[in-house]
Amino acid sequence: MVTGIQHHSTLVTQLVGDHRQLLESFGTLKKSAEASDVLAFKQALQGFKALLVPHLLEEAMRLYTYMRQEFKTRGNADAYQLVNGYKSEMKGIGDAAVQFIDTYSAIADDAIDFRQVCTSLQEIGHLLGDRIRREESELYPLYQSLH
């Protein structure tokens, strides 16, 4: 019996809801950058960060930690490695997104190169969208199968 993090029957529903909010917030961020609207862009950065950071922490603790401890206890090395891969990849994506947010939150308004911002957002959006699809189609069902 696992004595650490416990399974939460509503966690996947909560995380999927977070994803929808993150995608909506990211869309707002992208639109403000495309419009070169500094005030809206900086507000959207903070709004996106306010959703992203708690989501990443929630996944790290309640999803990855639980799944890793369960698969280790059950001796399922393949699933354990799969979860470790997801966790490692998400840390990289999360770190890059937070660095982007922090960089553009601190930069002087007149120093923002919105063409570069839009290029970066395109890349971040692709990574996040791909990641969300894979989490919802592979990782979350795996989590649900553990209970």
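Treat the numbers as computed from the prediction; the structure is a model and nothing was measured. (Residues numbered from 1 in each chain as written. Predicted model: local features only at pLDDT ≥ 70, side-chain atom pairs only at ≥ 80, totals over all residues. Heavy atoms only, no water.)

A. Highlighting unusual backbone geometry. Residue serine 36 is not a glycine yet carries a positive backbone phi of 55 degrees. Of note, serine 36 is situated in the loop between helix H1 (11-34) and helix H2 (38-74). Taking the relative accessible area as the measure of exposure, serine 36 reaches 42% and is therefore partly exposed. (Helix = DSSP H or I, 4+ residues; strand = E, 2+ residues; numbered from the N terminus. Buried < 20%, exposed > 50% of the residue type's maximum accessible area, 1.4 Å probe, protein only.)

B. Seen up close, the packing of H2 against helix H3 (residues 77-106). For the pair H2 and H3, the least separation of the axes is 10 Å and the interaxial angle reads 165 degrees. Overall, the two elements H2 and H3 adopt an arrangement that is roughly antiparallel. The chirality of how H2 crosses H3 is left-handed. (Axes fitted to C-alpha atoms, helices over the stretch in contact; angles between N-to-C directions. Parallel < 35°, antiparallel > 145°, perpendicular 65-115°, else oblique. Left-handed = near helix turned anticlockwise from the far one by under 90°.)

C. Highlighting H2. With 37 residues, H2 ought to run about 54 Å at 1.5 Å a step, and its terminal C-alpha atoms sit 51 Å apart, in line with that. A bend of about 30 degrees at alanine 60 is the largest found in H2. Two or three places before leucine 39, at the start of H2, stands the capping residue aspartate 37, its side-chain oxygen 3.4 Å from that residue's backbone nitrogen. (Expected span 1.5 Å × (residues − 1). Bend = angle between axes of the 7 residues up to and from the residue. Polar contact = N/O pair within 3.5 Å; in protein donor to acceptor, adjacent residues only side chain to side chain.)

D. Representation of the packing of aromatic side chains. According to the stated counting rule, one finds 5 aromatic pairs in the structure shown. Centroid distance phenylalanine 41 to tyrosine 104: 6.1 Å. Interplanar angle 75 degrees. Geometry classified as edge-to-face. Here phenylalanine 41, found in helix H2, pairs with tyrosine 104, found in helix H3; they are 63 residues apart in sequence, far enough to count as distant. Both residues of the pair, phenylalanine 41 and tyrosine 104, belong to the buried class. In textbook terms, an aromatic cluster arises when at least three aromatic residues are bridged by ring pairs, as seen for Phe41, Phe100, Tyr104 and Phe114. (Phe/Tyr/Trp six-rings, centres within 6.5 Å; stacked < 30°, edge-to-face > 60°.)

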